[in-house]
Amino acid sequence: MAFNSIQFFIFLPLIFLLYWFVFNKKIKTQNVLILIGSYFFYSLWDWRFLFLILASTIVDYFVGILINKNNENRSVQKKWLWVSVIFNVSLLGLFKYYNFFADSFMDMFQLFGYTIKSTWTLNIILPVGISFYTFQTMSYSLDIYYKKIKPTKDFLSFATFVAFFPQLVAGPIERASNLLSQITNKREFNYNQTVEGIKLILWGLFKKMVIADGVAPIVDDIFANYDTYPGLTLIFGVTLFSFQVYGDFSGYSDIAIGTAKLFGIELISNFKFPHFSRNVAEYWQRWHVSLSTWFRHYVYIPLGGSRVSKWKSVRNICIIFLISGFWHGANWTFIFWGGFHALAYIPVFLLGRNTIYKNNVVGENSFMPSITEIGQLLLTFSIVTFSRIFFRSESLSDAFGFITRIIQNFEYLPYHHPNGYRMIDYFILLFFFVLYEYRIRKDERNPFKFKSKIVRFIIYAVVLFTILLFYDSGFDRSFIYFQF
Amino acid sequence: MISLFKKIFIYSILIFLTLELLVRALHLYSDVPKWYLAEDNIYKRVPSQNGYTVYGNRRQVFSEYRINKAGYNSYHEFNPTEQGFEIAILGDSFIEGLHQDYYNSIGRKVERKLANIKIYEYGYPEFDLADQLHLMARNKKLFDLVDFIILEIKYPVDLLRNEYAVKDRELALPFLRHSKLLVYMLDIGMIDPIKNVLRNFDIGQEPTIPNRSDLTKDSLYIANLENLLAKYPLDKKQWSFLIDSRGVNPIFIDFLEKENIEYIDYGPSFKKAGNRPTTLVFDRHWNDYGRTLVARQIEKYLSGRQIGNNL
């Protein structure tokens, strides 16, 4: 069930009413409802994969208890931790990466003149959200191992923590210290929190249905036929893709956070206006925050982080970005994408500018950004957008073909979409979208923060009206990050 | 909690009214010409209506229509005479052309190229061969005055029936049509997911075409065609089909040739158009270029038969 489907708009109010009116007496009954609802939510994709979620839940539930039980013996604890890591990584390996490794292995042999029959590959589909919930369950065992939390003995709460439907299939990847503690505690209905949730859902839907789905047909056309378009059209296409992927994923995250609020639960922020970043390091503090945080806590810091020598830190950065790229998909394009970001990040790190923008936003104390800041924003956006060529291309040869075409055919020709979409509509839309996002850039959890009720009402009406203007029933509207 | 529901209710009403106002002010919705059941047992457009149709969102296609006294979208009144040279094109929504300005229809494009002829376009949505032949039979006097007839059919959808029965044109949920916002949402497909959910519960499910085991589907369509032509005989010199041969089973073309039935085929010219779009955004109807291609084929055919004079 996707957040932008009619089923969800029947499911959500129904479960909301049951949650606060029927099952509101005890936390346990509320958790039972959420768990059943979450499994139902997931089963509409493919009920068979519920067993994977259940397996991951059971393994980490017991691993958590066993790590805690062997408090005196660090090496036994480590062994149990490895059970969790190996189990979850094996799930990912089998369902997400097996065919990639098998294909790469066969390709490598072909380079040396040997041919291996392709019977090695498996005909398996990728279970939706597997990269997200396996990371979440692993983080639970890791946090217990690092003594940041105590394990829960309440299996129901733990299962609810793993399968909590707003963030089950595409994050934010939650840590037990935040989400599980809320699930085990009593939730009270909070009017303001609910209203904030509804607003976030509206804003998320806008980003998904208008920004992401609006430009999607243009991006699809340009990437599918890149060898027929001139360079500037390709730049236009990849720029629109930057907006598409941002609208799609941050829209999803907003709906997830908003939906969780309706049930009295606060999820962590996943996007903090990443396209207003002044360097690549700031970008990664603002883009897919829950994943970056996960890698920082569980990979980068255990490797020594930045407290080791410069060169070891650089090595750690490379490892993080390559793994992060590979996490996104079993394709060399994602590994290149990660590698490119590592290359863009390292100079910022070596110049000691990787944390200077951590606690402020562009134009912090002014209405408009300074000329320098505008330059920084454009440069960062260009770097990130360039990397998106790898992210969006089907294969490495397509990605390099795309880049070569930009260089060799660097010319302008008016772009006409085969369906005849009016391009001016999209320019106006994106122009006002960027202006509006700049206006609200200080608080990603409150997109309609205006004192005047009338102004707020006008904004709601404009947002809904724009959804009406850009709604396109003619193509698949699933979320991009579901494939990861 | 109560105040939340109250607020949601009030906001919903206010937002609905605001959006309704915006949709009306910007004329994003389609005016749909009304229907009535005429004396010849055919649902026709109520005569003498004017309005605008909108296809797609953001008014990407916006066109004016004019329903004449006969109930068809045209800048002509349909008054054929013995002296004049009139051609009737009967067909579906592609011929009705609500997606184009009524003064720039396919017929008008042909008229601009050929002198001394008038083209009457009898088009209604899903107006299949049975509808077309029934209309001609029930209005024989009028069609006897018409000098040449072109029957536009889409194979096989216009050959699914072998006899005429009146098609209900009443709108589903007509009360919804009072809200222009809902009309707009229906038109852009925003209500489709709800319709699909209802369809899953078997509400308003479309009837399926009966499958006869003794005939292949294509031979059934040909049999329907034969039946209809036998029931409503036409002088072969006085009419022609207008078809798109792309994707048509060759047995249909073979049948036409065997029976010496003439046809105007616009398929090859669409094929030649290559990547250039011939249909509208968000809609499968022909755009201006598609209509020009069809008009050219008709003009070519008529010129070949010495009908009208080239300008």
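The structure contained in this document is the topic of the report that follows.

Conventions we followed
Residues numbered from 1 in each chain as written. Chains lettered and ligands numbered in written order. Predicted model: local features only at pLDDT ≥ 70, side-chain atom pairs only at ≥ 80, totals over all residues. Heavy atoms only, no water. Helix = DSSP H or I, 4+ residues; strand = E, 2+ residues; numbered from the N terminus. Buried < 20%, exposed > 50% of the residue type's maximum accessible area, 1.4 Å probe, protein only. Contact = heavy atoms within 4.5 Å. Areas by Shrake-Rupley, 256 points an atom, 1.4 Å probe, with all protein chains shown as cover. Lys, Arg positive; Asp, Glu negative; His and termini not counted. Charge placed at Lys NZ, Arg CZ, Asp CG, Glu CD. Buried area = accessible area lost by both parts, 1.4 Å probe. Salt bridge = Lys/Arg side-chain N within 4 Å of Asp/Glu carboxyl O. Polar contact = N/O pair within 3.5 Å; in protein donor to acceptor, adjacent residues only side chain to side chain. Core = buried A, V, L, I, M, F, W, Y, C linked by side-chain atoms within 4.5 Å. Patch = residues over 30% accessible without salt bridge, like charges linked within 9 Å, V, L, I, M, F, W, Y side chains within 5 Å. Pairing = 2+ DSSP bridges. Right-handed = clockwise from strand over helix to strand, strands pointing away. Phe/Tyr/Trp six-rings, centres within 6.5 Å; stacked < 30°, edge-to-face > 60°. Lys NZ or Arg CZ within 6 Å of the ring centre and 35° of its normal.

**A short note on the overall build of chain A**
Broken down by element type, chain A carries 18 helices and zero strands. Counting only C-alpha atoms and orienting by the principal axes, one finds that chain A spans roughly 70 × 65 × 45 Å. Every one of the 484 residues in chain A was classed for burial, and the buried ones make up 58%. In chain A, once contacts between residues fewer than 6 apart in sequence are set aside, the share between residues at least 24 apart is 76%. Put simply, chain A shows about 21200 Å² of open surface, and 66% of that area lies on carbon and sulfur atoms. Charge centroids of chain A, computed over 44 positive and 29 negative side chains, lie 11 Å from each other.

**Overview of the interface of chain A and chain B**
Contact residues are listed per partner, giving 30 residues for chain A and 31 residues for chain B. When the two sides are added together, the surface that chain A and chain B hide from each other amounts to roughly 2700 Å², 73% of it contributed by carbon and sulfur. Across the chain A-chain B interface, the total number found is one salt bridge. The salt bridge partner of Arg58 of chain B is Asp425 of chain A, with a shortest N-O separation of 2.6 Å. Here chain A is connected to chain B by eight residue pairs in polar contact (both at pLDDT 80 or more). Among the elements that make up the side of chain A that touches chain B, the one with the highest residue count is helix H18 (residues 453–470) of chain A (nine residues).

**Some details on the nonpolar core**
Membership of the largest hydrophobic core comes to 171 residues, with the highest contact counts inside it found for Tyr42, Ile53, Phe135, Phe161, Phe165, Phe263 and Trp294 of chain A. When sequence neighbours within four positions are dropped, the list of residues in contact with Tyr42 of chain A reads Phe49, Leu50, Ile53, Pro127, Val128, Tyr133, Leu168 and Val169 of chain A. The next biggest cluster of nonpolar side chains, apart from the first, holds 39 residues, and it includes Trp35, Phe127, Leu135 and Leu151 of chain B.

**Re a nonpolar patch on the surface**
A surface patch of nonpolar side chains, amounting to about 770 Å² of accessible area, comprises Leu14, Leu17, Leu18, Phe21, Val22 and Ile198 of chain A together with Ile2, Phe5 and Ile8 of chain B. Counting residues per element, the ones that place at least two in the nonpolar patch are helix H1 (6–22) of chain A together with helix H1 (2–25) of chain B. Looking at the nonpolar patch element by element, the count peaks at five residues for H1 of chain A. Relative to the assigned elements, Ile2 of chain B resides in helix H1.

**Here's the deal with the side chain of Ser387 of chain A**
Residues and elements named next belong to chain A. Take Ser387: it is sitting in helix H15 (residues 371–392). Polar contacts involving the side chain of Ser387 include one to the side chain of His341, which spans 3.0 Å. When near neighbours in sequence (up to four residues on either side) are disregarded, Ser387 contacts Trp337, Phe340 and His341.

**Here's the deal with the pairing of strand E9 (residues 239–243) of chain B**
A regular strand places its side chains on the two faces of the sheet in alternate fashion. Residue and element names in this part refer to chain B. Burial runs high along E9: five of the five residues are buried. As paired elements, strand E8 (residues 148–152) and E9 share four bridges and run parallel to each other. Each residue of the ladder has a partner; that of Ile149, found in E9, is Trp239. As paired elements, E9 and strand E10 (residues 263–265) share three bridges and run parallel to each other. Within E10, the residue paired with Ile243 across the bridge is Asp265. At this point the chain moves from E9, through helix H9 (residues 250–258), to the parallel E10, and the crossover so formed is right-handed.

**Notes on the packing of aromatic side chains**
Residues and elements named next belong to chain A. Counted under the stated rule, the structure contains 83 aromatic pairs over all chains. Summarising the aromatic geometry, the rings of Phe158 and Phe161 are spaced 5.8 Å apart at their centres and angled 40 degrees between planes, so their arrangement reads as tilted. In this pair, Phe158 and Phe161 both sit in helix H6 (residues 155–163), three residues apart, roughly one turn of the helix. Phe161 shares its class with Phe158; the two are buried. Lying over the aromatic face of Phe241, Arg392 brings its terminal NZ or CZ to 5.8 Å of the ring centre.

**Remarks on helix H12 (residues 289–300) of chain A**
Burial of H12 of chain A is extensive: 10 of the 12 residues sit out of reach of the surface. Within the sequence span of H12 of chain A, burial applies to Val289, Ser290, Leu291, Ser292, Thr293, Trp294, Phe295, Tyr298, Val299 and Tyr300 of chain A.

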